[in-house]
Each structure stands twice: as C-alpha cells, then as structure tokens.
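Next come the chains, spelled out residue by residue.
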Amino acid sequence: MYLLLHLCAACNGEVGVLPECLEAPGDPSLSGASSTPECPDGPGGGPDGKGWPPPPDFAFKGDIAPNPLISRGKSVLVSGGQAGFINNGVYRWQVWQGNWAAIHIGAGPSHILLEWSSGPNYNYTDTAGVPREYFLEVSSNATDWEERAHVTGNQVRTRTHLLNFGGMSWVRMRMPAGATASLDEIDVYDASGGSYDSWFFLGDSITAHAFDRSEAHGSFAEFVHERWPRFFPAMVDGGVGSDKTQHGLARLDSALAEHTAIQFWAVCLGTNNVGSNNDGYGLDTFRRELSAIVRRIQGDGGRIAVIPQIPFIGRWNKDAQRCEVTRPDTPKFNKVIDEVIAEEGALPGPDLYSYFATHCEQLPDGLHPNAEGYQAMNRLWAEAMAPIYNAYP
C-alpha cells in the first residue's frame, strides 16, 4: 500500500515533478504566517486525524501502559538560579543554572523515570553546559539523601534514569562541589507500572529540530496527551545533524546504554543517505545498516523499533504552481524501509513522504521543514501511533 502511495505521489508520467500541491485544511494548531508560497486549493487533508496520508495499518502486539508525568509544577528547591525553570514545561530557551535542584514529587510511586535535558544544545551529542558528572538522589524529607545513580564522563545533552523511589518524596540532581549545569527541564514520570510509554528519536538534523519540544515545533508527547489524556510519553531527542544510517548505527550502543528504560526507538534516518540523482546508489548499504540498527534495538526483546518514511525532498515551483522533486530516488529508499519493517518485525511510523510531497511549501530550503512543518511532523507521529495507544484498555 505504501509503495503505491509513494510512487503515485512522486510520478505522474514525468519523473521529478508533482502535478499539484494539495493544501492542508484549516487546522488552527498548524496555522501561522509563512513567507513561502501557499499551495492552490485541492482535495488533500492535513495532520488532523481525518485527512490523508492515512496512519500505518498495523496491529500492536507489545506492552503499553501510562507512565504519567508527575513533576510538572511541583515545589522545587535549588542551589541558586530560577527554580521555576526546572519543571515548568518550557523547553530549550528557559535555562536554569546551578549545582543542584530537588523536586518534591510526593509519596506514592515505587519507581520513577527521570529525564533531564540541556536545552541550548542542538545535537544530541552537543555538550556545552551539560553536566559531565552528576548524582541522582532521593529523600523522604529533603534532608537525608540516598544515592540512586552516579554518572561520570557524560557526553550527551539529555539522559533518562529509572530509579527506585519506594517510601520517598523528593528527587535531587546534584553536580560535584564547584560544578554547575545548564538545564531547561527535569521531567519525572511515575514508572511504578513500568516505563512502557517512553521514546527515543534516533535521527539527523530534521529529527534534532522536530523533537526539541520548543513551542514553535510542538511536541509529540503533548499531542499524544491531547488525544489520549492518560498518557504523557517520555521522549528523548536523539538527532544529530548530517547523520546517515552508518552514523546512527555507530552511536546506537552508547544511546542504548544511556537510556536503558526506553521502550520505543524511532529510527528517523535516511534523508542523508539519499543522494541527489544517485539513481539508487547505496540502497544495499542502506538496507544492511538499517536492518542492523533494528536488530540491535530489538535484540533483547524489550525494545521496539519504529521507522517512518523518509520525507519528500523537493521545492515549490511558484511559476508552475507545483511541487518539484529534487531527490527522485527517495521512494526507492522508502521501499527498502517497508521491506525492513516486514523482515525485522519493526513498526511503521508516519508517512512523511506523502505529507511533504503535498505540503512542500513547508520546506523552505527544499529539505528542512519550517516551524509549521515540524509541528505537523509531531502531530503525524502522534496520529500514526494510534494503534499503540488504542491498545490500552
């Protein structure tokens, strides 16, 4: 089904040209001023749950249960700086700086999943202001602290930790004496029933931008929560600019070690594998590396790989009033993705190719979406995962 959609979208008797660009309906959550030309009116639908491309057709057979976000707005104690920045739900640009921060979660959870992020950084591997060494501690009274984790040599901008929290009320992140960190948020989830609703997005620059949870780009987690209020996914942005499948494979083991409690691993790679007019060169390498990534993710039986279609790459031709393909081999790579999903037992992600093939005005440089496009990606991801969240009774 997906291959047919892709080929029909990419070709209409003339390779490299889309005959028309379909306008998304007036979804207020995706509207906004844009300096790029608008598509002419057409019959297309947008990411509103009712239009196309349709969500993937798959039956989810894994485990899913909520691990609610429980830290937002709770009382915070800090060594200095703006305490409210720690857990106010504002990511990227409101940054707390200090030596330690403690959140009053309250009694109840037996286990918690804690995620911290250093917002000013762009790539997952950028380290400006991130804590290289830190301690995670818990307490029942904010006075007597018990160590639950001690990390040294950290090399990434965000980490997750599953912690025993039985009988405790407070959790604290502390750097060694004299050290400080720059954090935009510490999110804590109730993982008493497991950390099933947790996501890592392994990808490139498009991934790094799309899942940074800035207000302009929206949030996969927020869109899931909007549609399924009992859920609020833990989500980690693992994008690194210019990465191909070979780079994702090379850093996968370290990412798995940095996020041992994450269940869903979205593999958002392939855009940089598709060369301009390469006539399919590299397909075998792409298949081999993508398969290796999926096998490594799913090797222990507890993690699930989810693979979206590589987005359409092309530009809006104002004079001709149509979208024009600049990398016509993309459907060939997407066909490989379909085959790897079937062969390795992975799950399909959203059809980003079909969406951007009919919304190419949201690709101002012909490759990277604008804010409206990134927000659409987050909503498309949430809608495509309906079979997972609907599986929860």
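You'll find the structure just up there.
Presented here is an overview of the structure given in this document. Keep in mind the model is a prediction, meaning the values are calculated, not measured. (Residues numbered from 1 in each chain as written. Predicted model: local features only at pLDDT ≥ 70, side-chain atom pairs only at ≥ 80, totals over all residues. Heavy atoms only, no water.)

The full count for this structure, using the stated rule, is 17 salt bridges. With its nearest N and O atoms 3.0 Å apart, the salt bridge here joins Asp212 to Arg92. Here the residue Asp212 occupies a position in the loop between helix 2 (205-210) and helix 3 (220-227), and Arg92 occupies one in the loop between strand 1 (76-78) and strand 2 (96-98), the gap between them amounting to 120 residues. One salt-bridge network, in which partners are shared between bridges, spans Arg287, Lys335, Glu339 and Glu343. (Salt bridge = Lys/Arg side-chain N within 4 Å of Asp/Glu carboxyl O. Helix = DSSP H or I, 4+ residues; strand = E, 2+ residues; numbered from the N terminus.)

What follows concerns the sheet that holds strand 13 (residues 264-268). An order of 12-11-13-14-17 is seen for the five strands of this open sheet, with the pairing classed as parallel. Looking at which strands have only one partner, the edges of the open sheet turn out to be strand 12 (234-239) and strand 17 (347-348). Judged from the five bridges that link them, strand 11 (residues 198-203) and strand 13 form a sheet pairing that is parallel. Across the sheet, residue Trp199 finds its bridge partner in strand 13, namely Phe264. Sheet strands in contact with helix 5 (residues 283-297) are strand 11, strand 13 and strand 14 (304-307), and its direction is about 145 degrees off that of strand 14. (Pairing = 2+ DSSP bridges. Contact = heavy atoms within 4.5 Å. Axes fitted to C-alpha atoms, helices over the stretch in contact; angles between N-to-C directions.)

On to empty space enclosed by the protein. Enumeration according to the criterion identifies three cavities of 30 Å³ or more in this entry. Its volume calculated, the largest cavity comes out at about 120 Å³. In terms of lining, the largest cavity is formed by 15 residues, of which the most central are Cys268, Thr271, Pro308, Pro311 and Leu352. Mapped by element, the contributors of at least two residues to the lining of the largest cavity are helix 2 and helix 8 (371-384). (1 Å grid on protein atoms, 1.4 Å probe; cavity = no way out; pocket = protein on both sides within 12 Å on 5 of 7 lines; lining within 4 Å. Points joined across faces, edges and corners; volume = space filled by probe spheres on them.)

Moving on, we get to the packing of aromatic side chains. Taken as a whole and assessed by the stated rule, the structure comprises 18 aromatic pairs. Taken together through their ring pairs, the aromatic side chains of Phe60, Trp199, Phe201, Phe211, Phe220, Phe264 and Trp381 make up a single cluster. Lying over the aromatic face of Trp145, Arg172 brings its terminal NZ or CZ to 4.3 Å of the ring centre. Above the ring of Phe223, the side-chain terminus of Arg379 is found at 4.1 Å from the ring centroid. (Phe/Tyr/Trp six-rings, centres within 6.5 Å; stacked < 30°, edge-to-face > 60°. Lys NZ or Arg CZ within 6 Å of the ring centre and 35° of its normal.)

Right, let's get into the pairing of strand 11. Summarising burial for strand 11: six of the six residues are buried, a large majority. Here strand 11 shows no split at all, with Ser198, Phe200 and Leu202 on one side and Trp199, Phe201 and Gly203 on the other all buried. With six bridges connecting them, strand 11 and strand 12 associate as parallel partners. Considered in strand 12, the bridge of Phe201 is made with Asp237. (Buried < 20%, exposed > 50% of the residue type's maximum accessible area, 1.4 Å probe, protein only.)

The subject of this paragraph is the state of the cysteines. In total, this model carries one disulfide according to the counting rule given. One disulfide bridge connects Cys323 with Cys360, the sulfur atoms lying 2.1 Å from each other. Of note, the bridge from Cys323 to Cys360 carries an S-S torsion of about -95 degrees and is left-handed in sense. Residue Cys323 is found in strand 16 (residues 322-325), and its partner Cys360 is found in the loop between helix 7 (352-357) and helix 8; the two are separated by 37 residues along the sequence. Take Cys323: its relative accessible area is 0%, and that puts it in the buried class. (Disulfide = S-S within 2.5 Å.)

This brings us to the sheet that holds strand 8 (residues 170-174). As summarised here, the arrangement of the five strands in space is 1-3-8-5-6, forming an open sheet in which the pairing is antiparallel. One side of each edge strand has no neighbouring strand; the edge strands of this open sheet are strand 1 and strand 6 (146-151). Within this sheet the neighbouring strands show an average axis-to-axis angle of 15 degrees, counted without direction. As paired elements, strand 3 (residues 100-104) and strand 8 share five bridges and run antiparallel to each other. The residue of strand 8 that forms the bridge with Ala101 is Met173.

With 50 residues, the main nonpolar core has Trp199, Phe220, Trp381, Met385, Ile388 and Tyr389 as its most contacted residues. Here Ile388 is in contact with Phe58, Phe60, Ile64, Trp199, Phe264 and Leu347, once residues within four sequence places are set aside. By size, the runner-up hydrophobic cluster in this structure holds 28 residues, among which are Leu202, Ala255, Phe286 and Ile337. (Core = buried A, V, L, I, M, F, W, Y, C linked by side-chain atoms within 4.5 Å.)

In this section: the packing of helix 3 against helix 8. For the pair helix 3 and helix 8, the least separation of the axes is 8 Å and the interaxial angle reads 45 degrees. Taken as axis vectors, helix 3 and helix 8 run oblique relative to one another. Between helix 3 and helix 8 lies a crossing whose hand is right-handed. Of the residues in helix 8, those touching helix 3 at Phe220, Phe223, Val224, Glu226 and Arg227 are Gln375, Asn378, Arg379, Trp381, Ala382 and Glu383. Here the contact of helix 3 with helix 8 is built from residues that sort into five nonpolar, two polar and four charged. (Parallel < 35°, antiparallel > 145°, perpendicular 65-115°, else oblique. Left-handed = near helix turned anticlockwise from the far one by under 90°. Nonpolar A, V, L, I, M, F, W, Y, C, P; charged D, E, K, R; others polar.)

Without other data, these values stay purely geometric and don't point to any function.
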